[in-house]
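Summary of structural features
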Amino acid sequence: MNIIQKWATKAFALTNNPVFTKILMMNGGIQKHTEVNYNNMCKEGYQNFVVYACLDKIVKAATAINWEVAAYSKDGALKKIPNHPMKMLIENPNPMQGQSKFLERAIKFFFIGGETFIHKIDIGKTTRELYCYRPDRCVPEYGHDIDQPIKSFIYKAGAEIRIDPENILHWKSFNPMDEYDGLGRGLSLLAPAARVIDQNNAIKQWNYSLMKNGAKKDGAFVIKEMLSDDAYDRAKEALKADYNGDNPGGYMLLEGGADFRDFGNNPKDTDWLEGSKQTIVEICASLGVDPILIGFNEFSSYNNKSEAKKSLYTETVIPLLRELADELGQFLGLADSEFFYFDLSDIAEMQENIKEKFDMVSGVTFMTENDKREYVGLDAKDGLNVYRIPMSYVDIPEGQPIQPPQPTGNDGSTDANFKALSGGGEHKSVKQTKALQIFNTAIEGGIKKQQPIIGKYFIDQAKRIKKGFKSADPIEIKADDNGDPEHLTEDQLNAMVEKLLEWNVEDELLASTIVQLYLESMGAGYSIADDIFALNLEETGIEAIMNEDLLKWARESAAQQVTYVNQTTKDQIKRIISDGIGKGLSNAEIAQNIFDQSEINSINRARLIADTEVHNSIIKGNHQAMVDAGVKKKKWVTARDEAVRPWHSNMNGEIRKIDERFSNGLMHPGDPDGSAREICRCRCILSPADFE
């Protein structure tokens, strides 16, 4: 018996030794760890169940995320660029692989080898294909040019292929031992866990061998006296032939005074189970995957899989993909303002985050709806660059009382209550001037809110028109049927204008804005009428007017208004195009003239629409409240100043039945059925006939 064997025999008799020590002793007493290189990490690392399961979870989570190309506009809004060539390339990188398989190769190579090589194939100036190569088959060839230290990349797959460095993306992890200081090879992400992986593999092998032998107790016979060489060799051969190798834990019978020492199945000696658990936790921690996601629930740091999956995305997958996206963005030549963007709205585990964020900003009035969507990670949508503020909010100058002016009683006191001043009440001292004041305050507040919303639509539309016109073919648009570039027929102008924009989409965008204006304003008028005229309605505000008839009216009226507005825009565009071509202006100059035209892009145009539509819909809500309250007769009330139309001044105090039209043919001030002469910038209101 040699010295090492004697030492091992003595050590095996110590029943408080951990199983790792015993495993190592059975292997010869020398601890050997797997050398970190690509081949070993594939065999000992990737083929380890825990490592494989973790990488599989990372890849599946990564491939579930949608890639987009986006840019920020001048006003800071995030805009996705649909059908961008680089988005299409990521979705279909090459004829043999789709996006999922391509990303799987890139991510797994990155973890196993610490690097991956992505080769782009250009046709002309456009990248058409992407391939991901095994890291052990790619070798950087270094040159002596300080401006281009890597001369080429050599790809060895049967034959050697030299690839120019500008056509290879060498995505690699940080390697503190890189002899080329950032230009060399990456460090395998399995390297920090290599020893733990070795331990886990050794534990699994030991357990397998033990189970293969029927889970018999392991032990050793300690011989108190020295054997002869022949006896020792015979005993050793018997042990080797029948009980060692793949069969640990068996029994052997030796002649003489051999004494059996059991060290196999007491609690201390079965601590390989605890050791196995510890290695699983450590491997998962090194790869950023919670153990619950690969089936080890008892080791989890989270209460459920949903929380663990959310952590996988936020702490592992998204940072990893952002790193790859940053590298790919530069490699593929995205414009300076463009970048790869991840749409997380389809990821179920991220919806809770989105909901929590949305709850934080849903009631905020200083952010547009698109600002809120961007904050929670959703895409911006056309028509939502608007501020949603309750119409009951009214601007009140600093230092002024917050409550609206209260009516005075007959004795001059200010303790009268609106609700107590109905037509049949004891007090009839509320003046029509107070009603006008409150209505006009609400109308002005509504105008201040709606004017920038409508104005932004016109500005954005003008930008779209300008972009569409600049991209039009200058030859096609400058020649009529006779080849005369200075005169275009009406049909040609109409055809050009129709091609500039998707006008049906423009109609929908503006209509949705106008419908929202109508609903909010009618709701405000409904509430004000209830307060001022003490109508005692059960429900007020926008909810009270959300019935089919009023919704139908809002949609039909908005459609009519939009048709008129956009037809005016088209007429102005045709005039500017015709004038510009006659003057020999370029496409860009004509496009700028369109953008600058006040009839198309003007805050005054937005103000005129807001003035008219806010007033008209507030008074419609006023009228609807009186109808719902059962008011029998109504009265036309003017502002009684020099700005009032003369024929409206003559109508002041005119009384009609609630369902009867006034002398000018309108059901109420601002009736949309009236002509522009009657309703544009009208400030008249409606009151019950007995309201003094």
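Use the structure listed above.
About the criteria used
- Residues numbered from 1 in each chain as written.
- Predicted model: local features only at pLDDT ≥ 70, side-chain atom pairs only at ≥ 80, totals over all residues.
- Heavy atoms only, no water.
- Salt bridge = Lys/Arg side-chain N within 4 Å of Asp/Glu carboxyl O.
- Helix = DSSP H or I, 4+ residues; strand = E, 2+ residues; numbered from the N terminus.
- Buried < 20%, exposed > 50% of the residue type's maximum accessible area, 1.4 Å probe, protein only.
- Core = buried A, V, L, I, M, F, W, Y, C linked by side-chain atoms within 4.5 Å.
- Contact = heavy atoms within 4.5 Å.
- Expected span 1.5 Å × (residues − 1).
- Pairing = 2+ DSSP bridges.
- Axes fitted to C-alpha atoms, helices over the stretch in contact; angles between N-to-C directions.
- Patch = residues over 30% accessible without salt bridge, like charges linked within 9 Å, V, L, I, M, F, W, Y side chains within 5 Å.
- Areas by Shrake-Rupley, 256 points an atom, 1.4 Å probe, with all protein chains shown as cover.
- Lys, Arg positive; Asp, Glu negative; His and termini not counted.
- Charge placed at Lys NZ, Arg CZ, Asp CG, Glu CD.
- Phe/Tyr/Trp six-rings, centres within 6.5 Å; stacked < 30°, edge-to-face > 60°.
- Lys NZ or Arg CZ within 6 Å of the ring centre and 35° of its normal.
- Polar contact = N/O pair within 3.5 Å; in protein donor to acceptor, adjacent residues only side chain to side chain.

This part takes up the pattern of salt bridges. Applying the stated criterion across every chain yields a total of 21 salt bridges. In this structure, Asp56 and Lys60 form a salt bridge, with 3.2 Å as the shortest nitrogen-oxygen distance. Of this pair, Asp56 and Lys60 both sit in helix 4 (residues 49-63), four residues apart, which is roughly one turn of the helix. Since its relative accessible area comes to 52%, Lys60 is described here as exposed. Overlapping salt bridges, with partners in common, bring together Glu68, Lys80, Lys87, Glu91 and Asp343 in one network.

Ile58, Ile65, Trp67, Ile118, Val317, Leu328 and Phe340 are the most contacted members of the largest nonpolar core, which has 63 residues in total. Once residues lying within four places of it in the same chain are set aside, the contact partners of Ile118 are Phe102, Leu130, Tyr131, Cys132, Asn167, Ile168, Leu169, Leu324, Leu328 and Phe331. Counting residues in each nonpolar core, the second largest holds 56 residues, with Ile514, Leu517, Ala529 and Ala606 among its members.

Here we take up helix 16 (residues 548-582). When the terminal C-alpha atoms of helix 16 are compared, their 51 Å separation across 35 residues agrees well with the 51 Å that a helix rising 1.5 Å per residue should span. Of the residues one or two after helix 16, Gly584 is the one with positive phi, at around 75°.

Glancing now at the sheet that holds strand 14 (residues 685-688). Read across the sheet, three strands follow the order 13-12-14 without closing on themselves; strand pairing throughout is antiparallel. Each edge of the open sheet carries a strand with a single partner, namely strand 13 (655-657) and strand 14. Ignoring strand direction, the axes of neighbouring strands in this sheet form an average angle of 35°. The sheet contact formed by strand 12 (residues 633-637) and strand 13 spans three bridges and is antiparallel.

So, on to the environment of Ala554. Tracing the chain through its elements places Ala554 in helix 16. With residues up to four places along the chain from it excluded, the contact list for Ala554 reads Val515, Tyr518 and Leu519.

All right, on to a negative patch on the surface then. On the surface, Asp229, Asp230, Asp233 and Glu237 cluster together to form a negatively charged patch. Its location among the elements puts Glu237 in helix 8 (residues 229-242).

The subject of this paragraph is the packing of aromatic side chains. In this structure the tally under the stated criterion is 15 aromatic pairs. Seen in terms of ring centroids, Phe117 and Phe153 are 5.8 Å apart; in terms of plane orientation they differ by 65°. Their pairing is edge-to-face. Residue Phe117 is found in strand 3 (residues 115-123), and its partner Phe153 is found in strand 6 (residues 148-157); the two are separated by 36 residues along the sequence. You'll find Phe117 and Phe153 in the same group, each marked buried. A connected cluster of aromatic rings, assembled from ring pairs, spans Trp67, Phe340 and Phe342. Here the guanidinium or amino end of Lys120 rests over the ring plane of Phe331, the centre of that ring lying 4.8 Å away. Over the ring of Trp553 we find Lys620, and its NZ or CZ is 4.8 Å from the ring centre.

So, about the side chain of Thr316. Structurally, the position occupied by Thr316 is in helix 10 (residues 305-332). Note on Thr316: relative accessible area 12%, which makes it buried. A polar side-chain atom of Thr316 sits 2.8 Å from the main-chain carbonyl oxygen of Gly288. Once residues lying within four places of it in the same chain are set aside, the contact partners of Thr316 are Ile58, Leu287, Gly288 and Ser311.

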